[in-house]
Amino acid sequence: MIEWIKTNLPHVYKIGLTGENGWLAATYTTFYMTFWAFIIGGSLGLLTGLFLVLTAPGGVLENKTVFHILDKVTSVFRAVPFIILLAVIVPVTKLLVNTSLGPTAAIVPLSVATFAFFTRQVQVVLAEVDRGVIEAAQASGATTFDVIRVYLGESLPDLIRVSTVTLISLVGETAMAGAIGAGGLGNVAISYGHGRSHHDVIWVATLLILLIIVMIQLVGDLLTRKISHR
């Protein structure tokens, strides 16, 4: 196997499996950026999407001012292409992590992009919850916290589904961030592959990214089916 790789994928072999710039390190960096950006951006997106539904006209906590502020902020960040967001948010990134380069710095714009994307996904999912179920909970004396639990419980399978979509989108964005120095498989594909015309490196990096996406999709589908059939 090693001899076959040496012969047919010479530049892939030259990068090596281990080491600071090896394939394992690049894959780990991609997972690292994806995980933390989803934890941070996803948490903010879930909260914002929830408050958009609660404060919307006719919502449990109807508040037009709060709703419009959250809606406009989300729309602005959602409208900015990610490659431009990477550049625009550099001052904020430097303020938060003291650098604009590397995987940790990339987590800042990745989190912002995830926040905006996931907020809209959550808003749509929660808005589709049967209004009768919410009204029944309120009629039985449920508190605001209880109503939130009803929203999340009723929409859990769909929340997992949109989380899967968000994670897949995020993996693609980590590759884009890698192209400007964030590291990861995107950086390998651009710097070591495209930049040096090493097509075997491009193909292997792309294959690894696709494998990560397939894994996320399979796990997401499995969890969705399991919860939906409870």
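Residues numbered from 1 in each chain as written. Predicted model: local features only at pLDDT ≥ 70, side-chain atom pairs only at ≥ 80, totals over all residues. Heavy atoms only, no water.

**Let's talk about the packing of aromatic side chains**
Following the criterion strictly, the structure yields 4 aromatic pairs and no others. Relative to phenylalanine 115, the ring of phenylalanine 77 has its centre 6.4 Å away and its plane inclined at 75 degrees; by these criteria the two rings are edge-to-face. Taken together, the positions of phenylalanine 77 in helix H4 (residues 64-79) and phenylalanine 115 in helix H7 (residues 103-127) put the pair 38 residues apart, joining distant regions of the chain. With relative accessibility at 31%, the residue phenylalanine 77 sits in the partly exposed group. (Phe/Tyr/Trp six-rings, centres within 6.5 Å; stacked < 30°, edge-to-face > 60°. Helix = DSSP H or I, 4+ residues; strand = E, 2+ residues; numbered from the N terminus. Buried < 20%, exposed > 50% of the residue type's maximum accessible area, 1.4 Å probe, protein only.)

**Focus: the nonpolar core**
If you look at the biggest cluster of nonpolar residues, it comprises 17 residues, and the most contacted ones within it are Val12, Ile15, Trp23, Leu185, Val188 and Val201. Of all the secondary structure elements, the ones that give two or more residues to this core are helix H2 (10-15), helix H3 (23-55), helix H9 (144-182), helix H10 (185-193) and helix H11 (199-228). In terms of residue count, H11 provides more of this core than any other element does, 6 residues in total. Among all residues touching valine 201, those that are not within four sequence positions of it are His11, Val12, Ile15, Trp23, Val188, Tyr192 and Gly193. The next biggest cluster of nonpolar side chains, apart from the first, holds 15 residues, and it includes Leu85, Ala106, Leu110 and Ala177. (Core = buried A, V, L, I, M, F, W, Y, C linked by side-chain atoms within 4.5 Å. Contact = heavy atoms within 4.5 Å.)

**Quick notes on H4**
Counted at 1.5 Å a residue, the expected span for H4 with its 16 residues is 22 Å, and the 22 Å between its end C-alpha atoms agrees. Taken as a whole, H4 has its buried residues at Phe67, Asp71 and Thr74. Along the long axis of H4, the arc covered by the buried residues comes to 70 degrees, so they all point the same way. Of the residues in H4, the exposed ones pointing more than 90 degrees away from the buried face are Thr65, Ile69 and Val76. On its buried face, H4 is in contact with H3 and H7. For H4, the side-chain oxygen to backbone nitrogen distance between the N-cap and threonine 65 is 3.2 Å, and the N-cap itself is asparagine 63. (Expected span 1.5 Å × (residues − 1). Arc of directions from axis to C-beta. Polar contact = N/O pair within 3.5 Å; in protein donor to acceptor, adjacent residues only side chain to side chain.)

**Focus on the pattern of salt bridges**
Counting across every chain of the model gives 3 salt bridges. Aspartate 71 serves as the salt-bridge partner of arginine 120, at 2.9 Å between the closest nitrogen and oxygen. Of this pair, arginine 120 sits in helix H7 while aspartate 71 sits in helix H4; the two residues are 49 residues apart in sequence, bridging distant segments of the chain. In this structure arginine 120 comes out as buried when scored by relative accessible area, which is 18%. Residue class for aspartate 71 comes out buried when judged on its relative accessible area of 16%. A network of salt bridges, in which partner residues are shared, links Asp71, Lys72 and Arg120. (Salt bridge = Lys/Arg side-chain N within 4 Å of Asp/Glu carboxyl O.)

**Some thoughts on the UniProt feature "transmembrane region" (unreviewed entry) in the protein**
Look at the UniProt record and you will see "transmembrane region" (unreviewed entry) annotated at residues 31-54, 75-93, 99-118, 159-181 and 201-223. For residues 31-54, the helix share is 100%, the strand share is 0%, and the end-to-end C-alpha distance is 33 Å. Span residues 99-118 is 80% helix and 0% strand, its end C-alpha atoms 26 Å apart. (UniProt positions renumbered as here; feature names shortened; annotations may be inferred.)

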